[in-house]
Amino acid sequence: MVKSILKYVLAGLFVLAGANHFIDPAFYLKIMPPYLPWHLPLVYVSGVIEIALGLPLVVRRFQRLAAWGLIALLLAVFPANIHMAVHHESFPEYREIILWLRLPLQFVLLAWCHWYTRPVRDYRSRRNA
């Protein structure tokens, strides 16, 4: 029951974060590492991917695939989080410690997503057996 509820929370977090890429793209543009090309398209693409993987996370049939996709996405955007922490002077609106604490938070999100990569068990069929 808890795992199911938390799945909806996780999906909601990704859908809202993805939507925020379109609401406030300037924030995401600011954290893009300078070595990446096409900043604005990448901001929009990552937003679409967050939404496109967050929604099917709650659909049992697609849960595992969506969870693996979210893991890949978290790994892909991790350099932006590192960039933010290392170049904290570019983000005076955030305390430096907050930027550094975001890094281990990514591992919490990775573990949370990984929880949904395991095969879904149907407890109803076990109860009737």
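This text goes with the structure placed above it.
Described below are features of the structure shown in this document. (Residues numbered from 1 in each chain as written. Predicted model: local features only at pLDDT ≥ 70, side-chain atom pairs only at ≥ 80, totals over all residues. Heavy atoms only, no water.)

1. Section: the packing of aromatic side chains
Heads up, the condition is: Put simply, two rings from Phe, Tyr or Trp (the six-membered ring, in Trp's case) pair if the centres are within 6.5 Å, and we call them stacked under 30 degrees between planes, edge-to-face over 60, tilted for the rest.
All told, the structure shown has five aromatic pairs when counted by the stated rule. In this structure an aromatic cluster arises from ring pairing among Phe-27, Tyr-28 and Tyr-94.

2. Some points on helix α4 (residues 63-86)
Our working rule: Secondary structure follows DSSP: runs of H or I at least 4 residues long count as helices, runs of E at least 2 residues long count as strands, and numbering of each begins at the N terminus. For a helix, the expected span equals 1.5 Å multiplied by the number of residues minus one. The angle between axes fitted to the seven-residue stretch ending at a residue and the seven-residue stretch beginning at it gives the bend at that residue.
For α4, spanning 24 residues, the distance from its first C-alpha to its last is 34 Å, which sits close to the expected 34 Å at 1.5 Å a residue. The axis of α4 is deflected most strongly, by about 35°, at Val-77, and proline Pro-79 appears within four residues downstream.

3. Notes on the environment of Ala-72
To be explicit about the condition: Residue burial is assigned from relative accessible area. The probe radius is 1.4 Å, only protein chains are included, and a residue is buried under 20% of its type maximum, exposed over 50%, and partly exposed in between.
Position of Ala-72 among the secondary structure elements: in helix α4. Relative accessible area serves as the criterion here: at 46%, Ala-72 is assigned to the partly exposed category. For the pair Ala-72 and Leu-110, spaced 38 residues apart in sequence, the C-alpha to C-alpha distance is 9.0 Å.

4. Quick look at the packing of helix α3 (residues 39-54) against α4
Applicable threshold: Axis lines are fitted through C-alpha atoms, for helices just across the contact stretch, and the angle between N-to-C directions can take any value from 0 to 180 degrees. Orientation is classified from the angle alone, with under 35 degrees giving roughly parallel, over 145 giving roughly antiparallel, 65 to 115 giving roughly perpendicular, and any other angle giving oblique. Put simply, a crossing is left-handed when the front helix is turned counterclockwise from the back one by less than a right angle, and right-handed when it is turned clockwise. Residues count as neighbours in contact if any of their non-hydrogen atoms are within 4.5 Å of one another. For this classification, Asp, Glu, Lys and Arg are treated as charged, while Ala, Val, Leu, Ile, Met, Phe, Trp, Tyr, Cys and Pro are nonpolar and the rest, including Gly, are polar.
It is at 9 Å that the axes of α3 and α4 come closest, and there the two elements cross at 155°. In terms of their interaxial angle, α3 and α4 are classed as roughly antiparallel. By crossing handedness, the relation of α3 to α4 is classed as left-handed. In this structure, α3 uses Ile-49, Glu-50, Leu-53 and Gly-54 to contact α4, whose residues at the interface are Ala-66, Gly-69, Leu-70 and Leu-73. Its residues assigned to classes, the contact of α3 with α4 comprises five nonpolar, two polar and one charged.

5. Regarding the side chain of Thr-117
Heads up, the condition is: Polar contacts here mean pairs of N or O atoms no more than 3.5 Å apart (in protein, one a potential hydrogen donor and the other a potential acceptor; neighbouring residues in sequence count only if both atoms are side-chain atoms).
Along the chain, Thr-117 falls in the loop between α5 (96-114) and α6 (123-128). At 2.7 Å, the side chain of Thr-117 and the backbone oxygen of His-114 are in polar contact. Not counting residues up to four positions away in its chain, the partners in contact with Thr-117 are Arg-64, Ala-67, Trp-68 and Ile-71.

6. Here's the deal with the pattern of salt bridges
To keep things clear, this is the line we draw: Each salt bridge in this description consists of a side-chain nitrogen of Lys or Arg and a carboxyl oxygen of Asp or Glu lying within 4 Å of one another.
What the rule picks out here adds up to one salt bridge. Residue Lys-30 is joined to Glu-93 by a salt bridge in which the shortest nitrogen-to-oxygen separation is 3.1 Å. Of this pair, Lys-30 sits in helix α2 (residues 25-31) while Glu-93 is found in the loop between α4 and α5, placing the two residues 63 residues apart along the sequence. Lys-30 sits in the partly exposed class, given a relative accessible area of 38%.

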